[in-house]
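Fold and geometry: a report
For reference, the chains in residue letters:
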Amino acid sequence: MTAKADRKRGSPAAAGAAAPNPTSDLNADTQRSWLRQMLLIRRFEEKAGEAYSLGKIGGFCHLYIGQEAVAVGTLAAMRGDDYITASYREHGHALARGMSARAAMAELFGKAAGCSHGKGGSMHLIDASLGFLGGHGIVGGHIPLTTGMAFAIKYREEDRVAVCYFGEAAVNNGAFHEALNMAALWKLPAIYICENNRYGMGTALERASAIYDISERALSYDMDREVVDGQDVLVVYQAMQRAVKRARENKHPTLLEIRTYRFMGHSMSDPIHGHYRTREEVEEHRKRDPILVWSEKLKADGIIDERGIKSLDADVISEVEDAYRFADAAADPEPGELWTDVYASGGTA
Amino acid sequence: MAVITYRDALNQAIREEMRLDPSVFLMGEEVGVYQGAYKVSRGLLDEFGPMRVVDTPITELGFAGVGVGAAMVGLRPIVEFMTWNFALLAIDQVVNTAAKMRYMSGGQISVPAVFRGPGGSALQLAAQHSQAFESWYAHIPGLKVVMPATPADAKGLLKSAIRDEDPVVFIEGEMLYNTKGEVPEGEYLTPIGVADVKRAGTDVTLICHSKTVSVALKAAEQLAADGIDAEVVDLRTIRPLDHETVLASVSKTHRAVVVEEGWSFAGVGAQVVDVIQREIFDELDSPVLRVTGADVPMPYNKHLEKASKADPPKVIAAVKRVMYLES
Ligand SMILES: Cc1ncc(C[n+]2csc(CCOP(=O)(O)OP(=O)(O)O)c2C)c(N)n1
Ligand SMILES: [Mg+2]
C-alpha cells in the first residue's frame, strides 16, 4: 500500500523535460514544420468547435487541443507505409499524417467529399491510402486491431510498424491487455501509444486505475516501455524514434505512456472544467501548451522569430478557413449512398 | 465420390484454400499443436507451420481483433472459436469492427475474415455451453451468416466463405462433426446465400438449417408414412437469406413450419415468417408455425434437455396443425 501511495502521478514536467535537448540532427525546416503542424491542428480544432456550435457538425466531437505534440512528434518518426489506428479523438493524428484539412473538415460536416464520404464523421476519419485506418469509437476496441496489423507485417516479412493511439482510460479495458500480451508473446512490430491526458471523460486516472504509472502495465508483458513528456514535441519524437527502431529492426513492441493534457472538455458537449477538475488546474496546464513550449525553443535557438510564427499561423488559418468553406459548400452524399458499402457486392443482404 | 465426415470436409476446405492463397491463415485456441479442440485442423500445423496455423492464448476478444486487424491490411484470417459460446467475449470485434469497417470508411476497407466454430447444443453441456447465436449475428448488416448441415455443404460453403470479401460468421454444428456424406474432391464451391431443397414434397414446407435439417428430414420420413409429403428447405445461409427458394417452396405447398435450434424470441424463424407473410400472404392456407428450442437456459438433466429441443415429434405436431389435422 505504501509503495502505491508514494507513487504520485507524474506531471509532464517530471516526465523528462529537464535536460536540454539537442536538435542537431534535425534541420530547421523540419523543426518549423512541426510548429506549423501543431498550429494547423490547433486552428482546425478551434474551427471545428465553432462549426459544432453552429450545428454544422453533429454527434460527438472530441477536440485534440493541448495534445498536438503527441500526434506531431510520433508521426514525424514514422514512415509513410506504416499502419495507424486511433481512438475517436483523432483529428490531429489524421492531419499530422497528411490528410488534407478539406477532407477532414468535410468528413466532420458529413459531406460526400469527406475522407470517409460522410459515413464516418468525427470519430471515424479514415484514409486507407495513408495507412490511416481509423478513427474508432469503442474505447480500447482498436488496440487488438493494431496487434493484428503488426501480425500481418510479420507474416509478410515486411519492415513496417503498426501504431495505435488510445487514452489512459483504455488501459483498464480487457482489449488492451489481450492485445499487448499477444504482441509481446509473438514479438510483433507494434507501438502502443497511451495518451495520458489524466481523464477519461470526468474520471481521473487515480479514480479508475489501481496503479498510476501506466507504463508499468508493460511489465506484465515483458514489453519495452517509456514515460514521455507529451508537451514537448522533440521529446515525443525522440522517444518514438527509439520505439520505431525497436519495432522495425527487432520486432519488439513498446508501450509509450505520453503524458499530456486536454485543454478542452471531453467532447464538445462537455464544459472545459466541470465537477471533475478545476479552472486552476486547467490554467496551470495551459502554461505548458505544446505550441508555446516549441515556439519558445525555436525562438531561443534562432530558428524562427515572432514574425515567422505569426506568418505560419496566418498560413494555417487560411488553410483552415478554406477547409471550412469547402466543407460547408460540399454536397451531402447522394440519398442512394445509404445503401452502399455494406457488403463488397455493393448491395445489402 | 469420397464419403467423409463433416469435420474432414471442413479440414479439406481450409487445407485447399491455404494451399491456394498464402494470405489465408488459421488462428484460435488449440488449432495447432493440439490439432483442434474438435480436430477440424488436424494436420494443418505440420503442413503450414506456426505462422499460418496460430495457437492463441484464451483471449477471444483479443485474437478476434487480431484477425480483423490483419484482414484490414489484406490477410484472410480464419478465426476459430472453440465454440460460439466463447465468442461472446469477442462480439465487439465482430459487430463493431468487422461488420462496420467497410461502411464507416465509405468503402475503403474490407474485412475478409471468417469467424468459425461449433454452435448450438451438444449433449448435457448445460446452459453456458449449449446456445445457438445465429440470429444475433444475422441481425447485423455487414455480416454474412453461414450454417452448413451436410459434409458437402460444409466444404463448399467454407471455401466460399474464405474467398468472400466480407466478414463471414460460419457456425458449424457441434453434433454434426462426425456425420458422413459424399464430398466432391478439389475445387468445390457452394454459393453463399442460396438455400437447398434437401427433400422435395408437395404438402408442407419445413424450413430449417444446420442441425435441424436432420430433424426435419426425420419428421418428413415419418410424415410420409401418414401420407403427408413434406418439402425440406435447408437455408444453408441465414444472411443473406434466400427468399426465392423459400417463397417458391411455400407457394407450392401453401403451408410452412420453421424449425430452429435457438430460442424463439426474435429468432431466425421470426424473420422467415415475416418474409413469407409479407411476400406471399395469399398463398398461405394456414398460419406459419415455428418449432424452436424451449425458451429457457439449457438444463443439464438429460430428460429436461431432450424436452427442450426441437425434435421430430414437435415438428410433426406442428405440421399436423398447419394441415388442420390436429388442433
Ligand atoms: C467501451 C466503451 N465504453 C465507454 C465509452 C464511452 N466513452 C467514450 S470516451 C470515454 C473516455 C475515454 O477516455 P480515454 O481513454 O482516457 O481517452 P480520452 O477521451 O481522454 O482521449 C468513454 C467512457 C466508449 N466509447 N466505449
Ligand atoms: Mg484520457
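Residues numbered from 1 in each chain as written. Chains lettered and ligands numbered in written order. Predicted model: local features only at pLDDT ≥ 70, side-chain atom pairs only at ≥ 80, totals over all residues. Heavy atoms only, no water.

1. Some thoughts on the pattern of salt bridges
Residue and element names in this part refer to chain A. Enumeration over the complete set of coordinates arrives at 55 salt bridges over all chains. A salt bridge links Arg43 to Asp313, with the nearest nitrogen and oxygen atoms 2.5 Å apart. Here Asp313 lies in helix H11 (residues 306-329) and Arg43 lies in helix H2 (residues 28-53), a separation of 270 residues in the sequence. Classification of Arg43 by relative accessible area gives partly exposed; the value is 24%. The exposure class assigned to Asp313 is buried, which follows from its relative accessible area of 13%. (Salt bridge = Lys/Arg side-chain N within 4 Å of Asp/Glu carboxyl O. Helix = DSSP H or I, 4+ residues; strand = E, 2+ residues; numbered from the N terminus. Buried < 20%, exposed > 50% of the residue type's maximum accessible area, 1.4 Å probe, protein only.)

2. Thoughts on the environment of A:Leu205
Residues and elements named next belong to chain A. Note that Leu205 resides in the loop between strand E6 (203-204) and strand E7 (224-229). For Leu205, a relative accessible area of 4% gives the class buried. Put simply, Leu205 and Ala169 are 36 residues apart on the chain and 7.1 Å apart in space, counted from C-alpha to C-alpha. For Leu205, the contacting residues outside a window of four places in its chain are Glu168, Asn196, Arg198, Tyr212 and Ile214. (Contact = heavy atoms within 4.5 Å.)

3. Looking at the state of the cysteines
Residues and elements named next belong to chain A. Evaluation of the coordinates by the stated rule reveals zero disulfides over all chains. Sulfur of Cys61: no disulfide; nearest cysteine sulfur belongs to Cys115 and is 13 Å away. For Cys61, a relative accessible area of 0% corresponds to the buried category. (Disulfide = S-S within 2.5 Å.)

4. With respect to the sheet that holds strand E5 (residues 114-119) of chain B
Strand pairing in a sheet takes place through backbone hydrogen bonds and is either antiparallel or parallel in direction. Residues and elements named next belong to chain B. Ordered in space as E3-E2-E4-E5-E7-E6-E12, the seven strands form an open sheet in which the pairing is mixed. If you trace the sheet from one side to the other, it starts and ends with strand E3 (53-55) and strand E12 (237-239), each paired once. Strand-to-strand twist of the sheet, defined as the mean angle between neighbouring strand axes without regard to direction, takes the value 20 degrees. One ladder, built from six bridges, connects E5 with strand E7 (residues 168-173); its direction is parallel. Its bridge partner lying in E7, Gly117 is registered against Ile171. (Pairing = 2+ DSSP bridges. Axes fitted to C-alpha atoms, helices over the stretch in contact; angles between N-to-C directions.)

5. So, helix H8 (residues 212-225) of chain B
Residues and elements named next belong to chain B. For H8, which comprises 14 residues, the first-to-last C-alpha distance of 20 Å matches the rise-based estimate of 20 Å (1.5 Å per residue) to within 8%. Within H8, the full set of buried residues consists of Thr212, Val213, Val215, Ala216, Ala219, Ala220 and Leu223. For H8, the angular spread of buried residues about the axis comes to 155 degrees, placing them on one side. Facing away from the buried side of H8 by more than 90 degrees, the exposed set consists of Glu221 and Ala225. The inward-facing, buried residues of H8 abut strand E9 (196-199), strand E10 (204-208), strand E11 (230-234), strand E13 (256-259) and helix H12 (312-322). (Expected span 1.5 Å × (residues − 1). Arc of directions from axis to C-beta.)

6. Overview of unusual backbone geometry
Residue and element names in this part refer to chain B. Omega for the peptide link from Arg239 to Pro240 comes to 0 degrees, which places this bond in the cis form. Checked against the element boundaries, Pro240 lands in the loop between E12 and helix H9 (243-253). Positive phi, normally seen in glycine, also occurs at Glu30, with a value near 65 degrees. Take Glu30: it is sitting in the loop between strand E2 (24-28) and helix H2 (44-48). You will see that Arg236, though not glycine, has its phi angle at about 60 degrees, which is positive. Of note, Arg236 is situated in the loop between E11 and E12.

7. A few points about the sheet that holds strand E1 (residues 83-86) of chain A
Residues and elements named next belong to chain A. Strands sit in the order E2-E1-E3-E4-E8-E7 across an open sheet of six strands; the sheet is parallel. Either end of the sheet is taken by a strand with one partner, and the two such strands are strand E2 (132-135) and E7. Strand-to-strand twist of the sheet, defined as the mean angle between neighbouring strand axes without regard to direction, takes the value 15 degrees. Examined bridge by bridge, strand E4 (residues 190-196) and strand E8 (residues 254-259) share six bridges and lie parallel to one another. Counterpart to Glu195 in the pairing with E8 is Ile258.

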